[in-house]
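# Structural features, examined
One-letter residues, chain by chain:
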Amino acid sequence: MKRTAFDFRLYAITGESYHPGRDLIDVMEAAIRGGADIVQLRDKETPPSELLAKARALRVLTRRYGVPFIVNDYPELALAAEADGVHLGQEDMPIEAARRMLGEGKIIGISTHSIEQARAAVRAGADYIGVGPVFPTPTKPGRPAAGLGFVRQAAAEIAIPWVAIGGITLDNADEVLDAGARRLCAVSAIVGSPDPEAASRAFRARIDARKAALAYGAAQAGSPAVAAGAAHEGSPAVAGGAAYTGGAAYAGSPAVAAGAAYAGGTVADGAACAGASALRAGASRADGGPIPLRLNGRDTETTARTLGELIERHGLADRRIVAEVDGEIVARSEWSRTPLKAGSTVELVHFKGGG
Ligand code: TZP
Ligand code: MG
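Procedures and definitions
Residues numbered from 1 in each chain as written. Chains lettered and ligands numbered in written order. Predicted model: local features only at pLDDT ≥ 70, side-chain atom pairs only at ≥ 80, totals over all residues. Helix = DSSP H or I, 4+ residues; strand = E, 2+ residues; numbered from the N terminus. Contact = placed C-beta atoms within 7 Å. Buried ≥ 20, exposed ≤ 12 C-beta atoms within 10 Å, placed from the backbone. Pairing = 2+ DSSP bridges. Right-handed = clockwise from strand over helix to strand, strands pointing away. pLDDT = per-residue confidence, 0-100. Core = buried A, V, L, I, M, F, W, Y, C linked by C-beta atoms within 7 Å. Domains from an automatic or database assignment. Axes fitted to C-alpha atoms, helices over the stretch in contact; angles between N-to-C directions.

### So, the overall build of the protein chain
Of the regular secondary structure elements, the protein chain holds 14 helices and 13 strands. Sequence-distant contacts in the protein chain: of pairs separated by 6 or more residues, those separated by 24 or more amount to 61%.

See below:
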């Protein structure tokens, strides 16, 4: 059975070495109570034969709270524990093989460390992507940081759910959100906190405040500030979790207002943020590689970066077309300013004849 679309905001991953003397289930329950809305069992120490007991206990817990449960590394264990899915690394079983094993009903996520890997994951049918490590982290020693630049690229290009991960703490979460992340993941900053529930709650407050501010901005899309391509700069008011109070959170960026080419500036997936504005203003991305797309129900690839370019390439620019991107009808006047992202769903309906 095909899984239903899922989404999340705060991803909590287990890390028992960060809470010696505290019970795994108690710590993860606290994380959920604070607002973690997806949980992963990640355990590189326990032999797989002994992991099933932990996986089953986490399954019971997450079911009680209605939170998706993901097993890292082991698709067989995910099946045995009735988890909702599996999380793979670049060196693990390929997504296609995991899909054959788990079927369409399970969630498959994958860690990616570059935009090329992220695009490949979308093409292979991942349900979500980990983007990182954003910062160096002792939880993944030896793995170089991919940096905030990768977060900006993901924000500009990736349409399926993606989550920033790696070295994210309450001290740097706002930087990651400023770079365009809408979902955050943490191990040590949650489970290593003396109060995992409070840590989760604080992460959720930041994420939710940002989301609310962007929704407000999108609703105000006709306002002069946004029409001018204002940049979302994450004001302290928004970062601190206060309600969005007006234009103050959207400080105009000269580079974006001038319609400069996308060059790794502040980007987010809200309609009113800087990156979207830059792209909607007809700016071009430095990297012209193909991105995967679902066009009229078929998987395809395109180097078009806007809906307008795509329609033009299909020779439909002069026809009577209704265009929809990710479920939203896009007015003709907005076609050339509507970016296409990897994994976007586009429907082009051509009306023939008339009367
Ligand atoms: N994948 C990329 S970074 C990372 C994983 C599992 C570790 C994240 O842990 P922390 O403690 O939140 O930095
Ligand atoms: Mg792995």
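More follows now that the structure is in view.
### Let's talk about the environment of Ala-126
Following the sequence through the fold, Ala-126 ends up in the loop between helix H5 (115-124) and strand S6 (128-131). Owing to 24 C-beta atoms within 10 Å, Ala-126 belongs among the buried residues under this scheme. For the pair Ala-126 and Ile-108, spaced 18 residues apart in the sequence, the C-alpha separation amounts to 5.5 Å.

### Quick look at the pairing of strand S4 (residues 85-88)
Side chains of S4 alternate between two faces, with Gly-85 and His-87 and Val-86 and Leu-88 buried alike. As paired strands, strand S3 (residues 69-72) and S4 are joined by 3 bridges and run parallel to one another. Bridge pairing in S4 links Val-71 to Val-86. One crossover worth recording links S3 to the parallel S4 by way of helix H3 (residues 75-80), and it is right-handed. With helix H4 (residues 95-102) bridging S4 and the parallel strand S5 (residues 107-112), this β-α-β connection has right-handed handedness.

### Details of the confidence of the model for the protein chain
For the protein chain, the average pLDDT comes to 81, and 79% of its residues sit at 70 or higher. Here residues 223-286 is a poorly scored stretch, pLDDT under 50, and it has 143 contacts once near neighbours within four places are set aside; other chains count.

### Examining unusual backbone geometry
Cis geometry is adopted by the peptide bond preceding Pro-133, which originates at Gly-132 and carries an omega value of -5°. Relative to the assigned elements, Pro-133 resides in the loop between S6 and helix H6 (148-157). The phi dihedral of Asn-296 is positive, around 45°, even though this residue is not glycine. Positionally, Asn-296 belongs in the loop between strand S9 (291-295) and strand S10 (298-302). Phi at Asp-326 takes a positive value of approximately 50°, unusual for a residue other than glycine.

### Focus: the nonpolar core
Val-151, Ala-164 and Leu-184 are the most contacted members of the largest nonpolar core, which totals 82 residues. It is H6 that contributes the most residues to this core, 6 residues altogether. Each of domain 1 (10-194) and domain 2 (208-355) gives at least three residues to this core.

### A few points about the sheet that holds strand S11 (residues 321-325)
Ordered in space as S10-S9-S13-S11-S12, the 5 strands form an open sheet in which the pairing is mixed. Each edge of the open sheet carries a strand with a single partner, namely S10 and strand S12 (328-330). Mean inter-strand twist for the sheet, computed between neighbouring axes without regard to direction, equals 35°. As paired strands, S9 and S10 are joined by 5 bridges and run antiparallel to one another. Following the sheet pairing, Arg-294 is matched in S10 by Asp-299.

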